[in-house]
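Here's the letter readout for the chains.
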Amino acid sequence: MALQAFSFTNFSNKSLYPSKTIHSTPLLITKIKYCMTNKPAIRAEQISNKGDRPQVSFPPTIWGDSFSSFSFKQPVYESYTKQIEVLKSEVKSKLISGSDDAFTKLNLINLLNRLGLSYHFEDDIEQLLHEHFDALVARASDEECDLYTVSLVFRVLRQNGYKITSDVFNKFKDIDGKFKQSLATDVKGVLSLYEAAFVSITGEDILDEAIAFTKPILESININGFEKHISNALKHPFHRGMPRVEARQFISLYEGDESRDEILLNLAKLDFNRVQLVHQQELSDLSKWWSDLDLVSKYPFARDRIVEIYFWLIGIFSEPQYVGSRLLVTQTLILLSIVDDIYDGYGAFNELQLFTQAIERWDTTSLDLVPEYTKVLYKAFLDLFEQFENDMIKEERTFALPYLKNEVIRIIKAYMTEAQWLHDGYVPSPDEYMKAAFYTGGIPIIITGCYAGTGKVKGSEEFEWLLKCPKIIKAAGTITRLIDDLVSHEDEQKRSTGHVASAIQCYMHHNGISEAEATREIEGIIESSWKKINEECLSPTALPMHLLMPIVNIIRVAEVCYRYFDGYTNPEHVKDYIEAMFVLPIPIQQ
């Protein structure tokens, strides 16, 4: 079945889907795993039939084919669009008006960001922050400026790539160098400081101290009107939350704010619902494609998670113009999810070797060489890439194709490295582990897919940059791998099939430390990696900010889906998020 989609480069409000169709393509990863066992892998010659194979029992999909029934509501979409254009014009007038001071402008920018509307006004926001930067820094540096204002200025400037020193918080310390206890009664200020502290970079001890100071205060507060703001921030600070999820939550909270701007609120509701219509259509098409492919019946031992994967993608970028990247990455990810599950426990070692060798050759002549049960999967990869190549020719974007193939090969070779460790009963060193985890964690292939699917990448320069493993990519890979390990390693080690060593076990084994010590060390690595990410997003950046944000957003997806649970293997943990994103529109009073 051909998956209908937008052109990679165009999006029209007149028609959701143009007449031509584009097959998105393979190229991505699912979640990563790494865990150790002393049990040797079962070999192919020991397996008489499929019933003898070791298998993991994963929960089935909780969605069935419910999303296949969505149909695009063109009249509703057009109605939303007309109303949105009117409100956008009013908001733009507020942005460019010369009557407001710098902080009023910044506060409006913050609201646009939190309500999920900033993508409509990117150029205006950039110009305003550039024009008012000096005035904003001067205000934050003023000894009389309150905690809330300083923290908001600091966070918004940092999140938009502007360098502002954390020294602006020194005035809130006492003579002993600690944050003043009198600040504890300023709930709004304490919450603002807590949120600001998560945009810290390496060496900013004062912001680490700010988290240590504000968190227990917030955990003890029970003030009407602030509970939900606080609980949301404590669960996922705004800087680490998925933007689309954060926007949905903030719209509800903002509606209860007596000082709310009705124009902003109505625009946010209309925009969320309009974009949700686009997401529903994409998810419907993906669900139909997935059902027609019928890999669930052919690989019943693997996780059926097309909906959850697409949820990840709207976390990376939800804006309508990125449909090409969303579909491309989702389709690739679901195929690699099956590969991951085969390499994790179902496939015999020599079968995995054959499949890896075939992927490296990447041609139809290798079909006869792969194990019989993997032929359908192998063919699915080849078919997707063939269609993808045809589409890229039409879009004059064939320069991306070699990079896509290269990343698919590299991630599957990394799966094979894990399988080799499992087969040998080998516990890799932390460095060895992280070198392989860099690929199996998915960051390189996800970003390659994201760039391949957008017309904003015009040539090979960005792909060559990725191949050099820049600091931001390395830090992102570290976070996604380790945050997953922290919540999944115990369950993975209990599997009867065995599992390659997790990061926790690698640190325990090679450093001679306890699990608690290894966990603390890994949590510290995650935090230091976030600081590196933040630093790489400060101007001047290696790439334009719109090409760095997908990298940041992938980590945010990991924070939401893996910080407290494995939301991929156990999808009930993200069920409410998915319903809010794709099923339930925001009520709008007419």
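Up top you'll find the structure we're talking about.
Residues numbered from 1 in each chain as written. Predicted model: local features only at pLDDT ≥ 70, side-chain atom pairs only at ≥ 80, totals over all residues. Heavy atoms only, no water.

**So, helix H12 (residues 323-346)**
Here H12 is 24 residues long and its end C-alpha atoms lie 34 Å apart, about the 34 Å a rise of 1.5 Å per residue gives. H12 sits mainly inside the fold: 24 of its 24 residues count as buried. (Helix = DSSP H or I, 4+ residues; strand = E, 2+ residues; numbered from the N terminus. Expected span 1.5 Å × (residues − 1). Buried < 20%, exposed > 50% of the residue type's maximum accessible area, 1.4 Å probe, protein only.)

**What about the pattern of salt bridges?**
For side chains of opposite charge, pairing can occur when their charged atoms come near one another. Taken as a whole, this structure holds 25 salt bridges when the rule is applied. A salt bridge links Glu-372 to Lys-375, with the shortest nitrogen-to-oxygen separation between them at 3.1 Å. According to the relative accessible area criterion, Glu-372 is exposed, its value standing at 61%. With relative accessibility at 22%, the residue Lys-375 sits in the partly exposed group. Members of the salt-bridge network, linked through shared partners, are Arg-240, Glu-527, Glu-559 and Arg-563. (Salt bridge = Lys/Arg side-chain N within 4 Å of Asp/Glu carboxyl O.)

**Brief notes about the packing of aromatic side chains**
In this description, a pair of aromatic rings is defined by centroid distance and the angle of the planes. In the structure shown here, the tally under the stated rule is 28 aromatic pairs. On the basis of an interplanar angle of 90° and a centroid distance of 6.4 Å, the ring pair of Phe-67 and Phe-582 is categorised as edge-to-face. Here Phe-67, found in the segment before helix H1 (74-96), pairs with Phe-582, found in helix H23 (residues 575-582); they are 515 residues apart in sequence, far enough to count as distant. Summarising the burial analysis for this pair, Phe-67 and Phe-582 share the class buried. Aromatic pair Phe-355 and Tyr-378: ring centres 6.0 Å apart, planes at 80°, arrangement edge-to-face. Taken together, the residues Phe-355 in helix H13 (residues 349-361) and Tyr-378 in helix H14 (residues 375-395) connect sequence positions 23 residues apart. Of the two residues, Phe-355 and Tyr-378, both sit in the buried class. The structure contains a cluster of three or more aromatic residues connected by ring pairs, namely Trp-63, Phe-67, Phe-70, Tyr-310 and Phe-582. Positioned above the aromatic ring of Phe-179 is the side chain of Lys-173, whose terminal nitrogen or guanidinium carbon lies 5.7 Å from the ring centre. Here the guanidinium or amino end of Arg-248 rests over the ring plane of Phe-272, the centre of that ring lying 5.7 Å away. (Phe/Tyr/Trp six-rings, centres within 6.5 Å; stacked < 30°, edge-to-face > 60°. Lys NZ or Arg CZ within 6 Å of the ring centre and 35° of its normal.)

These values are about where atoms sit, not about what they do.
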